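Take a look at the letters that make up each chain.
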Amino acid sequence: MIQGIFFARFLPQQGTKVVHQSPPGCIAPEPGVDKPRFFDFETMAEYIIPRQGFCNRFVTICDPEDKHRILGYPVCIKDEKYERNEFMFNFCIVIGVDVDMTPYEAVVRRLASTFTEMEIQNQFLSQEDLSTSKDRRSIAALIEIIKEDLNNYNECMIPLFPIHRHPPPVKSWHVPISKMKFTEIMDDTWDLTMKKVIAQIDGIKDVRRIAHDADVALDLTKIALQHLLYYDSILMLDLFLFGNIYAPAPEINDFIIDKDGMQDECSNYVYINGPRLPNLYLCRLFTSLCTSRTVKEWLKMHLDQGFPVLNYVDVRRFIQFGVIKGLLYRIHKYPVSSQYLASLVTGQSVKIEGGDLLQNYTGGCHCFDQITAEKNIGDAKIMDQLRRFPKGDVEIIYR
Amino acid sequence: MASTVPPLCCSGLVAIALIIRSRDGPRFVFHYPARPSAKPSEEERLYGTELDEEPVNYTEDELDSDDSDLEDGGYSLPRHSKIEKEDKPARHSHVKESELEGDDHYDKANGEHFVPWEHLFEFETTDLESILTPSRAYHKKKFELSLDPLVFVTYPIHIREDGLWKKRKPKKVKRSKAGEVEAGAGSAEPKSIEEEMKDVTLGEKPGNTSEDGDDLGGMTMFNAVFILNVRKGETKERIKDIYEHVIKKFNKALKHAQASANYVWKESEMIISMKEKAKEERRPMSWLWNEIEIKSTLAAAIRDVYLAISKNQIATVRFAINPPLDLSLQIPVPNFLMSLPSSTEKAMPGLLVTTANPLVDEEGTEDPTHLNKHFALLLLDDETKIVAEIQADDTELSDPLIECIRLCKPTLSFLQVAQTNSIDINSLLILAQHLIYWRRAIAIPPLHARETYVVSPNCDSRKLPVGSVAWKKAFPLAPPLPGFLATLSAAPRPLKNIAPSKDHRTTWLDMIAWLIRGGWVTQLRTFGWILVWPEIIYEVEYQLKSEAIERSKKGAKSQSGSSESQESTDESSPEKHGSIDPSAPLTTEQVAENARLERLADKLAKEAAEAAADFAKMPNPVATEHPSINNAEHLDHIAPYIIKDPHKVSHEESLYIAALGKRFTEPKSKECWTKFTKYFNGCEAFEMIALQENRKRKETWGILLSYNEHLMVCKHW
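Residues numbered from 1 in each chain as written. Chains lettered and ligands numbered in written order. Predicted model: local features only at pLDDT ≥ 70, side-chain atom pairs only at ≥ 80, totals over all residues.

Asker: Mind laying out the packing of helix α11 (residues 398-407) of chain B against helix α13 (residues 425-437) of chain B, listing which residues take part and the relevant values?
Answerer: Residue and element names in this part refer to chain B. At a minimum axis distance of 10 Å, the contact between α11 and α13 shows a crossing angle of 95°. Comparing the axis directions of α11 and α13 gives the class roughly perpendicular. In this structure, α11 uses P400, L401 and C404 to contact α13, whose residues at the interface are L428, L431, A432, H434 and L435. Along the lines of polarity and charge, the residues of the contact of α11 with α13 split into 7 nonpolar, 1 polar and no charged. (Axes fitted to C-alpha atoms, helices over the stretch in contact; angles between N-to-C directions. Helix = DSSP H or I, 4+ residues; strand = E, 2+ residues; numbered from the N terminus. Parallel < 35°, antiparallel > 145°, perpendicular 65-115°, else oblique. Contact = placed C-beta atoms within 7 Å. Nonpolar A, V, L, I, M, F, W, Y, C, P; charged D, E, K, R; others polar.)

Here you go:
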């Protein structure tokens, strides 16, 4: 939310002055306005029109009370036609110090560049007072409109894009799940590759499979998915297999105490095979997962106790629900070869007997999922390969 | 030792500058490093708990391109291609010096003398000194100016209006040792551990007359400016951290030194004159900086603060005044995580993950100032090394701290240590907190062979190669590190079941301590909630119904006898003032009202009778041996129930708990039920109950086992 907006100029005789402001009197006193000002303008003036050396860049300053932040882009145009051969101005936006300023930075930059251009072309700013032409909108009206539009519609000359953080890299063994119905928003203008990739997102296929099935290069597939991640329209999970291990995280407490009605949400998502059971069963299913039990073993345990889970619950959806909500986390398997570790310490490359295919994956940082995706072999085959290493050299860490 | 606190991302600090305003106007005194790089600090590109570093497939430009098309006045910073390593500033090799870019003087095309130290980043120091000497409005306030892409943050100090640097105090009042540095900390701020830790230790205060006869130089303000370059999006948190913990404290310490010894002015004067002389002699910048760092303790202090803080380490500096002022500064780093970073959050590999937060009070509420006495101290480095360091520090706290280190063991809770050595628990906790705050130790639940330890999902396996070597050195006879981690991770069980024999337990606990210190393993803990089975629910329901029927029977009786009194109360209503004659014939409204009341009474009676009849049909509750497998027909429609938080129970939940309490036959189980129920909230680990209740571990687990049928249990870290 923009609290105020103002246009300041450096006047050779009077120094830095506020020429227009909105709301009235928020920066500099104005006749007939009796509201407290945001801050003492005289204190801040030297940062609003700073020395030339600091001009033509994005500048922000907080007021001494640490309540307001002024975002500006002081501009200095040098030309002999001006008194003192230069013209300095700044269109500033005032926001609260705790407000994220990143979306407003682009606005301030655009204001500076637009008005610089207008000034260079027809001295729009410097000749303001002299101009009587009716077809020009006054600067006062303009800044008022800019402020109102940005506050009310989040856009004006340019939309106020939320700046997202750069998303994490897409790995070929990840499984994308869509968070929105792409079919409803996609149209002919969408990128063809993107459309091909989106068509393959089903919550089951991993990135490598998607690339293959969509007939798109893996790199391009990753870039397309990265885009979707940036706009938060998909999320990434691990590849679900019954041999996977999942463990409860401390957040499991949120489920048990039914925070945000999570239990019913889960129940709607997973009871698709039969009658609904009381939510307590879901609690028991989550809490009985542990670091040493594969999903298969966990199902067997419940079956032995007389609860045929598969008859009621879609287990893949159940696990995915837990992972998405942060109630569960996947325990990955990492092969570690002592010989390979030793070679990493000395920096000398080794050729471990039997390690032709997987040696470089045995430093403890590459999980079975990655090996599966990159080498195109399943768990059993990986184990076969690892058995070819010298006896006792390879350990598997569950992490 | 393999690792101490895992390195977190850098602080974003790129330079520190000292600027003063004297009678000659603003002066740019000193900056460090001499030729800083404006590049934001490189950060790891790992997210969540992943370890696989993918080759970066996008360039810096792409990263920052979000607004590039909107940016018209874009410019790029002149970047020094060769940037000297700042690690050992005092010892430049002579060969390198001549090659340093921007080290030498030259004459510009217009004949102007280019002085290398009069430029910082792409600014002239004459410009910087004017914009970085803010007016009195900013005195002792946060000053935050960003000149894209740099942020200048500081806490400017002005001279008092009366021309003194501190309040003149009546001579007889003895000043507190910590001096103004702490007094200025502002009482409005919540006192946290950090605040209470003495950052500033001063020797005895002498008769403070040093400013007499000194040239005060007309200095009216000074300002140690911290220049940061942080990635957009994390600016706010970074600035807040470094401002509160470093910038404010450093400037306050300078103010103290200035007030007591005219320190800032004297040092500034010296540095400025050295610079002027060097300018005349056209000395290279590296030579001059070397000289300044040797001659000026303030310059050396700025250097040391920069070197430590930019790498997020602890800075220890000394201002050479009499008595010397020692200052330790750091941006506190978390020493454990309560939850794993999500797949979109930056990774913090190697940081211990556990929900065992030692900063909770006896009631279990978080309190950053309260170290829980049931935790144990785990040193983050070799004991002899830490002791040597503390001895070298030689402060009044040194001896007590060393004693604390000697007594505390990772297997003993603070309370146990205090009791066995008959020392005051509170002093022990304060000392331990000091060690924790200064990153020498962490607090963990006491290690025990009965507990289960698993590989941490956040461990930094990239350190396995180095870690394995260090492990071998520390425990030559133990299995290799990967093998040991594999054992712990494959099938979690209590340590005593893995250790080959009882004799090995001490060593194995040492091994676990080593692994926790390095963030390799964490304790797997047990949490539970009370699970109420239908049988219990029915029993309580039945009880409640029978009571309700009893009540309604009594109620019916009293009602039939009280119809008159009912009317009399009616008469006490305002209508009474209307002087209505009670013997007067009833109006039609009154007739209707009476009829309605009668109908209501009839209905109630009927309902009560029906309820009684229904109740009579209900089977009597039967307490079976195992309520969890009671599949009597009348329990079919009742779903089992979980009590979420025994601290806040409804009336019914309290009846469930009471009903359960009657089921336990073992006297100990019966006795402990009411005491233990408070731990069954899913947040308190069963492993801590024995300590909290001051009972034997084995016995406690026996009791907990007897509750098993009525608990839902979950294991996590």
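Asker: Outline the pairing of strand β6 (residues 86-96) of chain A, listing residues and values.
Answerer: Residues and elements named next belong to chain A. Among the 11 residues in β6, 8 count as buried, and that is most of the element. Where strand β1 (residues 4-11) meets β6, 6 bridges bridge the pair, whose relative direction is antiparallel. Note on β6: the bridge partner recorded for F6 is C92. Relative to β6, strand β4 (residues 68-72) is paired through 4 bridges, and the arrangement is antiparallel. Along β6, the bridge assignment pairs H68 with G96. (Buried ≥ 20, exposed ≤ 12 C-beta atoms within 10 Å, placed from the backbone. Pairing = 2+ DSSP bridges.)

Asker: Could you give me a rundown of the domain arrangement of chain A, with the residues and numbers involved?
Answerer: In terms of domain boundaries, chain A breaks down into domain 1 (4-153), domain 2 (175-237), domain 3 (245-331) and domain 4 (333-398). Centre-to-centre, using C-alpha coordinates, domain 1 of chain A lies 57 Å away from domain 3 of chain A. (Domains from an automatic or database assignment.)

Asker: Give a description of the interface of chain A and chain B that names residues and reports values.
Answerer: Across the boundary between the two partners, chain A contributes 68 residues, which contact 67 residues of chain B. Split into classes, the residues belonging to the side of chain A that touches chain B amount to 37 nonpolar, 17 polar and 14 charged. Where strand β3 (residues 59-62) of chain A lies against strand β7 (residues 143-147) of chain B, 3 bridges are found, and the strand directions are antiparallel. For I61(A), the partnering residue across the bridge sits in β7(B) and is L145(B).

Asker: Before we move on, could you go through the domain arrangement of chain B and cite the residues and values that matter?
Answerer: For chain B, the assigned domains are domain 1 (8-42 + 112-165 + 193-207 + 214-333) and domain 2 (520-555 + 615-717). Once you take the C-alpha centre of each, domain 1 of chain B and domain 2 of chain B turn out to be 62 Å apart.

Asker: So what's going on with helix α6 (residues 235-261) of chain B? Residues and values would help.
Answerer: Residue and element names in this part refer to chain B. The terminal C-alpha atoms of α6 lie 36 Å apart, and with 27 residues this matches the ideal 39 Å at 1.5 Å per residue to within 8%. Along its length, α6 shows its largest kink, about 50°, at Y243. Counting buried positions over the 27 residues of α6 gives 21, a clear majority of the element. (Expected span 1.5 Å × (residues − 1). Bend = angle between axes of the 7 residues up to and from the residue.)

Asker: Break down unusual backbone geometry for me, with residues and values.
Answerer: That bond from S22(A) to P23(A) is cis: its omega, -5°, falls within 30 degrees of zero. As for its placement among the helices and strands, P23(A) is situated in the loop between β2 (15-22) and α1 (41-48). Backbone torsion omega between N322(B) and P323(B) reads 0°, so that peptide bond is classified as cis. Within the secondary structure, P323(B) sits in the loop between β12 (315-319) and β13 (325-329). Phi angles above zero are rare outside glycine, and N56(A) is one such case at about 60°.

Asker: Please provide a residue-by-residue account of the confidence of the model for chain A, values included.
Answerer: Within chain A, residue pLDDT values average 89, and 95% of them lie at 70 or more. Within chain A, the element-level pLDDT minimum falls on helix α3 (residues 139-153) of chain A, averaging 80, and the maximum on strand β9 (residues 245-248) of chain A, averaging 96. (pLDDT = per-residue confidence, 0-100.)

Asker: How would you sum up the environment of P646(B)? Please name residues and give values.
Answerer: Residue and element names in this part refer to chain B. In this structure, P646 sits in the loop between β18 (641-643) and α21 (651-661). Sequence-wise, P646 and F676 are 30 residues apart; in three dimensions their C-alpha atoms are separated by 9.9 Å. When neighbours within four sequence positions are excluded, P646 is seen to be in contact with I530, I657, T677, K678, F680 and N681.

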